[in-house]
Amino acid sequence: MTQTLVAIGTRKGLWLARTNDRNIWSLDGPHFLMREVPSIGIDTRREPPRLLVGVRSEHWGPTIMRSDDLGQSWDETPEGAIHFPEDTGAAVERVWQITPDVHDDDVVWASTEPQALWRSEDRGETSSLVRGLWDHPHRPEWGAGFGGAAIHTILPDPTAPAEMLVAMSTGGVYRTGDGGDSWSASNTGIKAPHQPDPWPEFGQCVHKVARDSAKPARLYAQNHHGVYRSDDNGGTWTSIADGLPTDFGFTVVAHPSRGGTLWLIPVTADSERVPPDGQLQVQRSSDAGASWVTCSAGLPAPSYTCVLRDAAAADTNEPTGIYFGTRNGEVYASGDEGESFARIVEQLPDVLCVRAAVIG
Amino acid sequence: MQIILPAVLRELADGAGELVVPIDGEAALLRTIMDAAFVARPLIGARIRDETGDLRRHVNVFVDGQDVRRLGGLDLVVGSGAVIHILPSIAGG
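In this text the structure is predicted, and so the values were computed from the model without any measurement.

**A few points about the overall build of chain A**
Assigned secondary structure in chain A consists of 1 helix and 27 strands. Taking 21 Å as the expected radius of gyration for a compact globule of 360 residues, we find that chain A reaches 19 Å, a close match to that expectation. In terms of overall dimensions, chain A has C-alpha extents of about 50 × 50 × 40 Å along its principal axes. The buried share among the 360 residues of chain A stands at 52%.

Next up, the structure:
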């Protein structure tokens, strides 16, 4: 029997929710109590699956923990799975993203604050800095959003091993076509309302980017005001915000197998980081952003919480499950692609990231 | 040279609360002492200092009761009989 695993990273530890039927859930945790968990990768490409978890202590710094028995035991690389080479003079502040590659089962990508991309060829045990991006001439001008100066999105291209897209706040979208040796800003059409020139080459505050599963050259971006789609692999972007209650938010999730379907979790505005009209809600599109449906059945109102950029995920069940966690420590699940939600966890610390996978 | 570890780091030292670090001569730089103390225990070393070698912001090191940040940091010259305490600062919420 398969099991659905939802891994929940919070400000003060990791919890693992499991279910056989997406109805009755068991909760295991806390792991790493009092340590922040801003990133989780669930690597299901091999048996047993491997959990990779970015863990950060306010006192003792960041590390990556890994488990090959679904959280029963944890291990870490003594010298650190990620550490900057001495010549950079930099130190890892936080691991923001852990992404298994789509071409090579040994390769895992990670990204950090400060803005850096890392490639592991041993499933996350050790990593090397992607110098082409670290040495980019734009790097001194990349800024720090409120969450920190980090790369938060890593999207390998399933059709071309040498191509990849990353995104950062602030800085925007960058792409490589040569395996990471060179990178170009790729923000044409994305507005930067916080800059004197609102249409710069780079510097946009892109909050999250997701890739369409059926058309890999199609991408969706939730921006710091603005929701966009690209149909040319990030070359140009056009607004798909019409019909949404607001164009602000942090996260975007694409359907794992059906093209054109995506979910956003809207936030009223930069200056009002609460759900629109006090109704916690998900916005779903089934036509690549041409139209939107409000999904709020089972979600609370009034609600004045917020959902962060990595705190939402989809599983690969049929129908797809959608999960998200809030800054007031609740996790909601939908087993019907957003038609209805149920609260599966409450009273956790602020939820920073959520990842879901089908195991077994 | 004696290093007293905080309780939260002792599991990384097989439960030991104190480490004895031999040094050459009567004194050594604190940086050198830390290098010697944790070369065989890199997980503890990485908890205390980042990869640039700096003390982590919320880790405090006291030599004979004095906060080393007021005494030259890791460049402090420490006598062979000193007691070094490593403690987490008061932080968080």
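**Topic: the overall build of chain B**
Along the backbone of chain B there are 2 helices and 7 strands. When its helices and strands are written in sequence order, chain B yields β-β-β-α-α-β-β-β-β. On C-alpha atoms alone, chain B measures out to a radius of gyration of 12 Å, which is about the 12 Å that the 2.2 N^0.38 rule sets for 93 residues. Across the 93 residues of chain B, 27% fall into the buried class.

**Focus on the pairing of strand E17 (residues 227-230) of chain A**
Residue and element names in this part refer to chain A. Both faces of E17 are covered, namely the face carrying Val227 and Arg229 and the face carrying Tyr228 and Ser230. Both strand E16 (residues 219-223) and E17 contribute to a ladder of 4 bridges, which runs antiparallel. Residue Tyr220 lies in a different strand from E17, and its bridge partner there is Arg229. In sequence, E16 turns back onto E17 through a hairpin of 3 residues, with His225 there showing a positive phi of about 70 degrees.

**Here we look at the interface of chain B and chain A**
Contacts between the two partners involve 13 residues from chain B and, on the opposite side, 12 residues from chain A. Residue classes in the side of chain B that touches chain A are distributed as 6 nonpolar, 3 polar and 4 charged.

**What about the environment of B:Ala36?**
All names here are of chain B. Mapped onto the secondary structure, Ala36 falls in helix H1 (residues 30-38). Of the residues examined, Ala36 has 16 C-beta atoms within 10 Å and is grouped as partly exposed. Spatially, the C-alpha atoms of Ala36 and Asp24 are 11 Å apart, while their sequence positions differ by 12 residues.

**Observations regarding the sheet that holds strand E18 (residues 238-239) of chain A**
Residues and elements named next belong to chain A. Judged by pairing direction, the sheet is antiparallel, and its 4 strands sit side by side in the order E15-E16-E17-E18 without closing on themselves. If you trace the sheet from one side to the other, it starts and ends with strand E15 (206-211) and E18, each paired once. In the sheet, E17 pairs with E18 via 2 bridges, with the strands oriented antiparallel. Directly across from Tyr228, in E18, lies its bridge partner Ser239.

**Topic: unusual backbone geometry**
All names here are of chain A. The omega torsion of the bond from Ser169 to Thr170 falls at -5 degrees, within 30 degrees of zero and hence cis. When you line up the elements, Thr170 lands in the loop between strand E12 (164-169) and strand E13 (172-176). Between Glu318 and Pro319 the backbone carries a cis peptide bond, its omega angle lying at 0 degrees. By secondary structure assignment, the location of Pro319 is in the loop between strand E23 (312-314) and strand E24 (322-325).

**Let's talk about the nonpolar core**
Among the nonpolar cores identified, the biggest contains 97 residues, and A:Ile8, A:Val209, A:Val253, A:Tyr323, A:Val331 and A:Val354 are the most heavily contacted of them. Among residues more than four places away in sequence, those in contact with A:Val331 are A:Ile8, A:Ala17, A:Tyr323, A:Gly325, A:Ile344, A:Val345, A:Val351 and A:Val354.

**Quick look at the environment of A:Arg284**
Residues and elements named next belong to chain A. Examined against the element boundaries, Arg284 turns out to sit in strand E21 (residues 282-285). The exposure class of Arg284 is buried, given the 21 C-beta atoms found within 10 Å. Between the C-alpha atom of Arg284 and that of Trp263, which follows or precedes it by 21 residues, the distance is 4.5 Å. Residue contacts for Arg284: discarding those within four places in its chain leaves Trp263, Trp292, Val293, Cys295 and Gly338.

**A few points about the sheet that holds strand E2 (residues 13-19) of chain A**
Whether parallel or antiparallel, the strands of a sheet pair through hydrogen bonds between backbone atoms. Residues and elements named next belong to chain A. With antiparallel pairing, the 4 strands of this open sheet are ordered in space as E3-E2-E1-E27. Either end of the sheet is taken by a strand with one partner, and the two such strands are strand E3 (25-31) and strand E27 (351-359). Going across the sheet, the axis of each strand differs from the next one's by a mean of 15 degrees, ignoring polarity. Relative to E2, strand E1 (residues 3-10) is paired through 7 bridges, and the arrangement is antiparallel. Counted as the bridge partner of Leu5 is Arg18 from E2.

The rules behind these values
- Residues numbered from 1 in each chain as written.
- Chains lettered and ligands numbered in written order.
- Predicted model: local features only at pLDDT ≥ 70, side-chain atom pairs only at ≥ 80, totals over all residues.
- Helix = DSSP H or I, 4+ residues; strand = E, 2+ residues; numbered from the N terminus.
- Rg over C-alpha atoms; globule rule 2.2 N^0.38 Å.
- Buried ≥ 20, exposed ≤ 12 C-beta atoms within 10 Å, placed from the backbone.
- Pairing = 2+ DSSP bridges.
- Contact = placed C-beta atoms within 7 Å.
- Nonpolar A, V, L, I, M, F, W, Y, C, P; charged D, E, K, R; others polar.
- Core = buried A, V, L, I, M, F, W, Y, C linked by C-beta atoms within 7 Å.
- Axes fitted to C-alpha atoms, helices over the stretch in contact; angles between N-to-C directions.

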